[in-house]
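A closer look at the structure
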Amino acid sequence: MFKHISKLIIGFTLAGLALTGCGLNGGEGSSSTSPASGKTAAGNQEGRPVTIGLTYIPNVQFAPFYVAKDENLFSWKGEADTNSAQSIALRHHGADEGLFNALMSGKEDMVVAFGDEATQAISQGMPLSIIGVLYQRYPVVVIARHDSGIKTWQDLKGKTVGLPGRYGSNWFGFQAGLHAAGLSLDDVKVAEIGYTQQTQLTTGKVDAVVGFSNNDLVRFQLAGVGVTTLTLPSETPLVGAVVVTTQEFATHEPEVCQATVNGMAKAIHKITADPETALAATKKYDQTLTNDQAIAAARHVTEATNELIKLDHFDPKNPGAQSLVNPQKFRDMVTLLDKIGALSDKINLKNLDDQQVKKFVWPGA
């Protein structure tokens with residue numbers, strides 16, 4: 001998830017925000033003093049800013065965090081009940097760094113990941129807590145050529161479908177779509193093709209590919225390839241990009257967590273109202289946005305990403321309200337991931353009571 005990259009036909013590099021599986025290995029988090037409140041918090045070294053991990057290279061898909069940081073939207077109520085800017089650092093991961101490694105080792109206090117992948121990691125024993133939702137809509141789609149005859153999920157029966165691999169959100173979303181259509185993996189031929197969706201589909205080596213609406217689909221559109229897109233049912237209980245922290249940090253730093261969620265939501269509201277805000281902020285971070293073609297591609301990605309992140313009921317008095325995780329959707333996601341065999345038996349996430357759910361789904365400050 002958020003790790004691998006693919007290049008648009010015109011040479012613009014897309015970050016792995018729209019991408020799949022990462023290594024979930026990581027050591028136990030260390031404990032130190034938080035600069036925000038003086039309380040003990042996992043992975044926070046005294047004197048440094050609260051650090052948010054943004055996996056892989058700078059890209060416009062991370063714009064809500066660029067905007068929030070640059071415009072000082074990360075703020076919280078201090079002891080005197082006055083607003084103060086929260087010191088935030090944004091850290092892009094290296095190419096080979098596991099998704100949650102830096103969080104668990106203390107280099108980061110939060111990380112942007114996918115909710116389903118975080119849930120899988122929790123089931124494997126990682127003490128993680130999901131504190132805020134970036135993607136209000138799940139981005140996984142099936143992409144087929146117009147002339148393939150594939151118009152519905154049922155039409156995939158007997159077809160060869162290409163995926164990066166049998167892991168991550170592409171894999172989870174594909175299985176969820178099959179399940180909703182009354183199909184199983186036995187009804188299709190799965191081809192593990194890495195991140196070569198465009199080549200594999202346009203050369204006819206596969207009948208369809210699985211990708212993200214704000215990455216792979218944009219690449220096809222910019223290349224002028226006529227495609228049909230199959231989306232997941234709206235009620236599919238998979239959660240896309242979220243902000244994840246450790247359970248210890250969520251417990252001891254609720255003000256900072258709320259400031260992060262609020263700041264992200266304020267930035268989303270700004271970006272969806274004026275997409276050029278995203279491009280202006282991203283140019284300070286992404287050194288590839290130096291020509292008209294790259295900027296035009298980034299604008300397409302912004303438009304597609306805005307469809308995923310937009311908040312239908314933004315309240316400036318309570319900006320992060322819609323960005324908190326719905327506990328029932330988490331429960332439903334656990335049920336679905338369990339059905340498709342994505343969860344480990346190390347931590348049993350089924351039949352949790354309300355108090356147990358709060359360990360994994362932060363309720364807000």
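The name given to the chain in an unreviewed UniProt entry is NMT1/THI5-like protein, with Mobiluncus mulieris ATCC 35239 as the source organism.

Describing the pattern of salt bridges
By the definition in use, this model includes eleven salt bridges. With a shortest N-O distance of 3.2 Å, Asp147 and Arg145 are connected by a salt bridge. Glu192 is paired through a salt bridge with Arg166; the nearest N and O atoms lie 3.2 Å apart. Of this pair, Glu192 sits in strand S13 (residues 189-192) while Arg166 is found in the loop between strand S12 (160-163) and helix H4 (168-180), placing the two residues 26 residues apart along the sequence. The exposure class assigned to Glu192 is exposed, which follows from its relative accessible area of 52%. Relative accessible area serves as the criterion here: at 44%, Arg166 is assigned to the partly exposed category. Here the residues in one salt-bridge network are Arg91, Glu97 and Glu108, joined through shared partners.

A closer look at empty space enclosed by the protein
All told, the structure shown has one cavity of 30 Å³ or more when counted by the stated rule. Approximately 40 Å³ is the volume found for the largest cavity. In this structure, the largest cavity is lined by Val60, Gln61, Ala63, Pro64, Ile271, Ala278, Thr302, Thr305, Asn306 and Ile309. Secondary-structure elements contributing two or more residues to the lining of the largest cavity are helix H1 (63-70) and helix H10 (292-309). Looking at which element gives the most residues to the lining of the largest cavity, the answer is H10, with four residues. A breakdown of the residues in the lining of the largest cavity according to their chemical character gives six nonpolar, four polar and no charged.

Points about the packing of aromatic side chains
The full count for this structure, using the stated rule, is six aromatic pairs. Their ring planes at 75 degrees and their centres at 5.9 Å tell us that Phe114 and Tyr135 sit as a pair that is edge-to-face. One end of the pair, Phe114, is in strand S9 (residues 110-114); the other, Tyr135, is in the loop between strand S10 (128-133) and strand S11 (140-145), and 21 residues separate them in sequence. Across this residue pair, the class does not change: Phe114 and Tyr135 are buried. Each ring, one from Phe330 and one from Phe360, has its centre 6.3 Å from the other, and the planes form 25 degrees; the classification is stacked. Within this pair, whereas Phe330 is found in helix H11 (residues 327-339), its partner Phe360 is found in helix H12 (residues 354-360), the two being separated by 30 residues in sequence. With respect to class, Phe330 is no different from Phe360; both count as buried. Taken together through their ring pairs, the aromatic side chains of Phe114, Tyr135, Tyr138 and Phe212 make up a single cluster.

What to know about H4
Taking 1.5 Å per residue, 13 residues should reach 18 Å; H4 reaches 19 Å between its end C-alpha atoms and fits that length. Counting buried positions along H4 gives eleven out of 13 residues, so the element sits mostly inside the fold. For H4, the full list of buried residues reads Gly168, Ser169, Asn170, Trp171, Phe172, Gly173, Phe174, Gln175, Ala176, Gly177 and Leu178. Gly182 occupies a position one or two residues after H4 and carries a positive phi of about 80 degrees.

What counts, and at which threshold
Residues numbered from 1 in each chain as written. Predicted model: local features only at pLDDT ≥ 70, side-chain atom pairs only at ≥ 80, totals over all residues. Heavy atoms only, no water. Salt bridge = Lys/Arg side-chain N within 4 Å of Asp/Glu carboxyl O. Helix = DSSP H or I, 4+ residues; strand = E, 2+ residues; numbered from the N terminus. Buried < 20%, exposed > 50% of the residue type's maximum accessible area, 1.4 Å probe, protein only. 1 Å grid on protein atoms, 1.4 Å probe; cavity = no way out; pocket = protein on both sides within 12 Å on 5 of 7 lines; lining within 4 Å. Points joined across faces, edges and corners; volume = space filled by probe spheres on them. Nonpolar A, V, L, I, M, F, W, Y, C, P; charged D, E, K, R; others polar. Phe/Tyr/Trp six-rings, centres within 6.5 Å; stacked < 30°, edge-to-face > 60°. Expected span 1.5 Å × (residues − 1).

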